[in-house]
Amino acid sequence: MSDTILKINDLKVNYGGIEAVKGISFDVPEGQIVTLIGANGAGKSSTLRAIAGLVKPSGGSIEFKGENITGLDPTSIVTKGITLVPEGRKIFPDLTVVENLRIGAYLRNDDLTDDLNWVYDLFPRLKERSWQEGGTLSGGEQQMLAVGRALMSRPKVIMMDEPSLGLAPIIVRGIFDIIKEINKRGVTVLLIEQNANMALKTAHIGYVLETGRLTMSGSGEELLANEQIKAAYLGT
């Protein structure tokens, strides 16, 4: 059994008077792919944003490798080894591909050559377009760039918020193949995804989030076979 690298305990997130996350607890085992699935507004993005330090939890705790990191600022979270690929990609459109990638390593002061080569190995298209401005890339290429930028900090955990959003099915399959490849190289993945079918086929463990509460968990295979999940999220 893998050690737990990320432990969420009774996490609550409020926006004004709205409780987006209502006391959820779950573990992310080291070296695995874990997915949170649920409808829009279930609290998935709020959970990732709290872990990344972008919003302060109103209750509960977040532990990374046994250390309480609740409420730390985003820079400290990245320094610890957790990065977020945000929904909507959020690349810098006026900077080149290689400049975007280098920004992902802004906290490092060592040689980036090996990591750039790893990203280019994962995404040959980015190498071909390394001096092209990010804003001129296709949606799929921008998603590759967002993932590559996050990898440049050498994360132990990479969190991905809706990586397939707005992409053609053939591109989506490629993105999920890359997620598996990143995981094979030792990076733990925490994924939230509207495409529940692809997410559960890819993940070792899945959690179902409904209106801010966890309602179900199991292996990806178990949840794929669950009749409630099929009816609610898989369209079958």
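Structural notes, computed from the coordinates. (Residues numbered from 1 in each chain as written. Predicted model: local features only at pLDDT ≥ 70, side-chain atom pairs only at ≥ 80, totals over all residues. Heavy atoms only, no water.)

Some points on the packing of aromatic side chains
Part 1 of the reasoning: According to the stated counting rule, one finds one aromatic pair in the structure shown.
Part 2 of the reasoning: Here Phe-26 and Tyr-207 contribute two aromatic rings whose centre-to-centre distance is 5.1 Å and whose plane-to-plane angle is 45 degrees, an arrangement assigned as tilted. Of this pair, Phe-26 sits in strand S2 (residues 18–29) while Tyr-207 is found in strand S9 (residues 205–210), placing the two residues 181 residues apart along the sequence. Take Phe-26 and Tyr-207: they sit in the same class, and that class is buried. (Phe/Tyr/Trp six-rings, centres within 6.5 Å; stacked < 30°, edge-to-face > 60°. Helix = DSSP H or I, 4+ residues; strand = E, 2+ residues; numbered from the N terminus. Buried < 20%, exposed > 50% of the residue type's maximum accessible area, 1.4 Å probe, protein only.)

Here's the deal with the nonpolar core
Part 1 of the reasoning: By size, the foremost hydrophobic cluster in this structure holds 45 residues, and its most contacted members are Ile-158 and Ile-182.
Part 2 of the reasoning: One finds Leu-11, Ala-42, Phe-64 and Val-157 within the second-largest nonpolar core, a separate group that totals 30 residues. (Core = buried A, V, L, I, M, F, W, Y, C linked by side-chain atoms within 4.5 Å.)

Some remarks on the layout of surface pockets
Part 1 of the reasoning: As a volume, the largest pocket reaches approximately 530 Å³.
Part 2 of the reasoning: Lining of the largest pocket is provided by 23 residues; of these, Leu-54, Val-78, Leu-84, Pro-86 and Arg-149 occupy positions nearest its centre.
Part 3 of the reasoning: If you list the elements that add at least two residues to the lining of the largest pocket, you get helix H1 (44–51), helix H2 (74–80), strand S6 (82–85) and helix H6 (139–151).
Part 4 of the reasoning: The class makeup of the residues in the lining of the largest pocket is 13 nonpolar, five polar and five charged. (1 Å grid on protein atoms, 1.4 Å probe; cavity = no way out; pocket = protein on both sides within 12 Å on 5 of 7 lines; lining within 4 Å. Points joined across faces, edges and corners; volume = space filled by probe spheres on them. Nonpolar A, V, L, I, M, F, W, Y, C, P; charged D, E, K, R; others polar.)

Observations concerning the side chain of Asp-115
Part 1 of the reasoning: Tracing the chain through its elements places Asp-115 in helix H4 (residues 113–122).
Part 2 of the reasoning: In this structure Asp-115 comes out as buried when scored by relative accessible area, which is 7%.
Part 3 of the reasoning: If we skip the residues at most four places from it in the chain, Asp-115 touches Arg-108, Met-152 and Arg-154. (Contact = heavy atoms within 4.5 Å.)

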